[in-house]
Amino acid sequence: MSTLDGSSPEPDESGSGQKQEAKREVVEFFKLVFYFLILFIVMRWYAIEGYEVQGPSMQPTLQNGQRILVFKLPHILSQFSIFSGLEALKPGDIVVFQSPDDRDKRYVKRVIAKGPAVQHGKVVSAERQDELDSSQEGVRVKYDRGNVYIDHHRLIEDYIPAEENQHTETYEEVELGPGDYYVLGDYRDISKDSRTFGPIQDSKIIGKAVLRFWPLSQFAILR
């Protein structure tokens, strides 16, 4: 006599497990993409950003169409009192900054001189009056017939070819206060810079250009 098995069949758990695993993989993938986007945004806004050079005002250092990498984080950190000792920018550095005339336009120029350090927070001075007056003096810059004078001392600029240093224009002397930067293009004949629009405030500076990465044949650290 044949017998009948009245028990119900066991459910196929392998298919359900595979579906759950696939869902987990999809969720992990989208989480990874989300974290990458957040990191990319943070890096772009607060750390590193790429720019294309337009125009010849920084020749021969930078040519039209080249691409540069700008390091922003040190300058951003230097705005906080806890990092007040951090010298993010110094004379000779190439910087990208916001145009003083058009907030949507960016310039790339070289820092020629900088004003006294900005005092962060509440500061109490115990200096004598003559020492205090001296410490508050600005840095004086003058462009005279192709030569730059900082506090009446001629600046030696070895990054400019000798034939480019034959200009006849003379501009009025400028005094740099705390947080001021005097910037010039390396191609002085055609550059629009601090000779025309004055010193740049540190709040306008985006960061320091550190690398020329395109074209690859001209890849180099900027100096």
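Residues numbered from 1 in each chain as written. Predicted model: local features only at pLDDT ≥ 70, side-chain atom pairs only at ≥ 80, totals over all residues. Heavy atoms only, no water.

Peer 1: How should the confidence of the model for the protein be read in this particular structure?
Peer 2: Regions with low pLDDT should not have their predicted coordinates read in detail. Overall, the prediction assigns the protein a mean pLDDT of 79, with 71% of residues at 70 or greater. Residue range residues 129-135 is modelled with pLDDT below 50. Its contacts to residues more than four positions away, or to other chains, number 3 contacts. (pLDDT = per-residue confidence, 0-100. Contact = heavy atoms within 4.5 Å.)

Peer 1: Looking at this model, I keep getting lost on the pattern of salt bridges. Mind explaining?
Peer 2: Oppositely charged side chains may form a pair once their charged atoms are brought near each other. Scanning all chains against the criterion turns up 11 salt bridges. Among the salt bridges present, the one from Arg67 reaches Glu52, with a minimum N-O distance of 3.3 Å. Of the two residues, Arg67 sits in strand 2 (residues 67-71) while Glu52 sits in strand 1 (residues 48-52), which places them 15 residues apart along the sequence. Ionic contacts of the salt-bridge type, sharing partners, join the residues Lys90, Asp93 and Lys208 into one network. (Salt bridge = Lys/Arg side-chain N within 4 Å of Asp/Glu carboxyl O. Helix = DSSP H or I, 4+ residues; strand = E, 2+ residues; numbered from the N terminus.)

Peer 1: Looking at this model, I keep getting lost on the pairing of strand 3 (residues 94-98). Mind explaining?
Peer 2: Looking along a regular strand, one sees the side chains alternate between the two faces of the sheet. The element strand 3 is largely enclosed, with a buried count of 5 among its 5 residues. Side chains Ile94, Val96 and Gln98 project from strand 3 onto one buried face, and the interleaved Val95 and Phe97 project onto a second face that is buried too. Looking at chain direction, strand 3 and strand 4 (residues 106-114) are connected through 5 bridges and run antiparallel. Paired with Phe97 across the bridge in strand 4 is Tyr107. Of the strand pairs in this sheet, strand 3 and strand 11 (residues 205-214) are connected by 3 bridges, and their pairing is antiparallel. For Val95, the partnering residue across the bridge sits in strand 11 and is Lys208. (Buried < 20%, exposed > 50% of the residue type's maximum accessible area, 1.4 Å probe, protein only. Pairing = 2+ DSSP bridges.)

Peer 1: Can you help me understand unusual backbone geometry in this one?
Peer 2: A cis amide bond, omega 5°, links Gln59 with the succeeding residue Pro60. Within the element layout of this structure, Pro60 appears in the loop between strand 1 and strand 2. A positive phi angle is found at Asp151, which is not glycine, with a value near 50°. By secondary structure assignment, the location of Asp151 is in the loop between strand 6 (147-150) and strand 7 (153-154). What makes Asp151 partly exposed here is its relative accessible area of 34%. In the Ramachandran plot, His152 falls in the positive-phi region, its phi being about 70° despite a non-glycine side chain. Its location among the elements puts His152 in the loop between strand 6 and strand 7.

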